[in-house]
2 protein chains.
Amino acid sequence: MFQALADPSRRIMVERLSRGPASVSELAKPFAMSLPAVVQHLQVLEASGLIRSEKIGRVRTCHIEWAALQTAEEWMLERRKTWEHRLDRLGDFLADQEKG
Amino acid sequence: MFQALADPSRRIMVERLSRGPASVSELAKPFAMSLPAVVQHLQVLEASGLIRSEKIGRVRTCHIEWAALQTAEEWMLERRKTWEHRLDRLGDFLADQEKG
DNA sequence: TTGTTGGTTAAGCATATGCTTAAGTATTTC
DNA sequence: GAAATACTTAAGCATATGCTTAACCAACAA
């Protein structure tokens, strides 16, 4: 999932999709690359769970799967919590030093 | 930066460092890979701004650069805000439909 | 001063990644 | 039904990535 977000083009696609669903060719517009390349990126995003897509007629529509993005956000949060907890303990230690 | 977090080994290193600073060999312990491999990972992390390190005597100590992790977290947040804003507008639209 | 520890440099290698072109296949639209 | 649209499949290719081994260097420690 972090892997999927590692590529700048894919992040742009996610940004676009956070503004609402879009078709493959719509997503391809801002890029100079070929359509198959775009589709490959979308496959990576879909495999990672970050987006979902369904095909109606001949157009495939993609949309964000919010839950997945939340997972990544939670990982960050978890790191920060640990970090802050550590700083708290350090603060307690320093306060104890002062007292004692 | 997302690129740096894309690798599982590097994420484990960041997790370890969120619990406090550590030396290179300390960070290497949980891994089966060679020391140069670990150092290469640390170089990627440092280049991305996620960690910093300084060498004292012969031991290099690494610690998290919190600001960078925050940047990634903010990106996620930004996506969610856009998404929620979109849902709000959709809600307004539906409410208007109901009234009209 | 000799060895050990902690890390660094350099070279090489296998696989993964991001892209391309060329040739399909369904669906509309005219 | 012919042409255009919206992808899809397949093959190939250049570069990046993650790792290895082998040698090296600096700082302690015995």
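Residues numbered from 1 in each chain as written. Chains lettered and ligands numbered in written order. Predicted model: local features only at pLDDT ≥ 70, side-chain atom pairs only at ≥ 80, totals over all residues. Heavy atoms only, no water.

- Going by the annotation in an unreviewed UniProt entry, the name recorded for chain A is ArsR family transcriptional regulator, with Phyllobacterium bourgognense given as the source organism.

**Focus on the protein's contact with DNA strand C**
Here is step 1: In the region of DNA strand C, 21 residues are neighbours, and Ser34 and His41 of chain A together with Ser25, Arg58 and Arg60 of chain B sit closest.
Here is step 2: Looking at DNA strand C alone, sugar and phosphate atoms form 63% of those within 4 Å of the protein.
Here is step 3: In the environment of DNA strand C, a phosphate oxygen lies 3.4 Å from a nitrogen or oxygen atom belonging to the backbone of Val24 of chain B.
Here is step 4: At the level of elements, helix 4 (35-47) of chain A together with helix 3 (24-28), helix 4 (35-47) and strand 3 (59-64) of chain B are the ones that each hand at least two residues to the surface near DNA strand C.
Here is step 5: Among the elements that take part in the surface near DNA strand C, helix 4 of chain A stands out by supplying four residues, more than any other.
Here is step 6: Counted by class, the surface near DNA strand C contains eight nonpolar, seven polar and six charged residues. (Near = heavy atom within 4 Å. Polar contact = N/O pair within 3.5 Å; in protein donor to acceptor, adjacent residues only side chain to side chain. Helix = DSSP H or I, 4+ residues; strand = E, 2+ residues; numbered from the N terminus. Nonpolar A, V, L, I, M, F, W, Y, C, P; charged D, E, K, R; others polar.)

**Notes on the sheet that holds strand 2 (residues 51-56) of chain B**
All names here are of chain B.
Here is step 1: Here three strands make up an open sheet; going across it, the order is 1-3-2 and the pairing antiparallel. For this open sheet the edge positions go to strand 1 (22-23) and strand 2, each flanked by a neighbour on one side alone.
Here is step 2: Note: strand 2 against strand 3, six bridges, orientation antiparallel. Pairing of Ser53 across the sheet is with Cys62, part of strand 3.
Here is step 3: Sitting on the sheet, helix 2 (residues 8-18) is in contact with strand 1, strand 2 and strand 3, with an inclination near 85° to strand 3.
Here is step 4: Against the sheet, helix 4 contacts strand 2 and strand 3, and its axis sits at roughly 120° relative to strand 2. (Pairing = 2+ DSSP bridges. Contact = heavy atoms within 4.5 Å. Axes fitted to C-alpha atoms, helices over the stretch in contact; angles between N-to-C directions.)

**Focus: the UniProt feature "domain: HTH arsR-type" (unreviewed entry) in chain A**
Here is step 1: UniProt tags residues 1-84 of chain A as "domain: HTH arsR-type" (unreviewed entry).
Here is step 2: Counted over residues 1-84 of chain A, helix gives 62% and strand 17%. Its end C-alpha atoms are 25 Å apart. (UniProt positions renumbered as here; feature names shortened; annotations may be inferred.)

**Digging into a nonpolar patch on the surface**
Here is step 1: A cluster of nonpolar side chains, namely Leu87, Leu90, Phe93 and Leu94 of chain A, defines an oily patch on the protein surface of about 360 Å² accessible area.
Here is step 2: Its relative accessible area of 47% is what places Leu94 of chain A among the partly exposed residues. (Patch = residues over 30% accessible without salt bridge, like charges linked within 9 Å, V, L, I, M, F, W, Y side chains within 5 Å. Areas by Shrake-Rupley, 256 points an atom, 1.4 Å probe, with all protein chains shown as cover. Salt bridge = Lys/Arg side-chain N within 4 Å of Asp/Glu carboxyl O. Buried < 20%, exposed > 50% of the residue type's maximum accessible area, 1.4 Å probe, protein only.)

**Description of the protein's contact with DNA strand D**
Here is step 1: Not every one of the 21 residues close to DNA strand D is listed here, only the nearest: Ser25, Arg58 and Arg60 of chain A together with Ser34 and His41 of chain B.
Here is step 2: A breakdown of the atoms of DNA strand D within 4 Å of the protein gives sugar and phosphate a share of 60%.
Here is step 3: Separating a base nitrogen of DNA strand D from a side-chain N or O atom of Gln40 of chain B is a distance of 3.1 Å.
Here is step 4: Measuring from a base nitrogen of DNA strand D, one finds a side-chain N or O atom of Arg58 of chain B at 3.2 Å.
Here is step 5: Mapped onto the surface near DNA strand D, the elements with two or more residues apiece are helix 3 (24-28), helix 4 and strand 3 (59-64) of chain A together with helix 4 of chain B.
Here is step 6: A breakdown of the residues in the surface near DNA strand D according to their chemical character gives eight nonpolar, seven polar and six charged.

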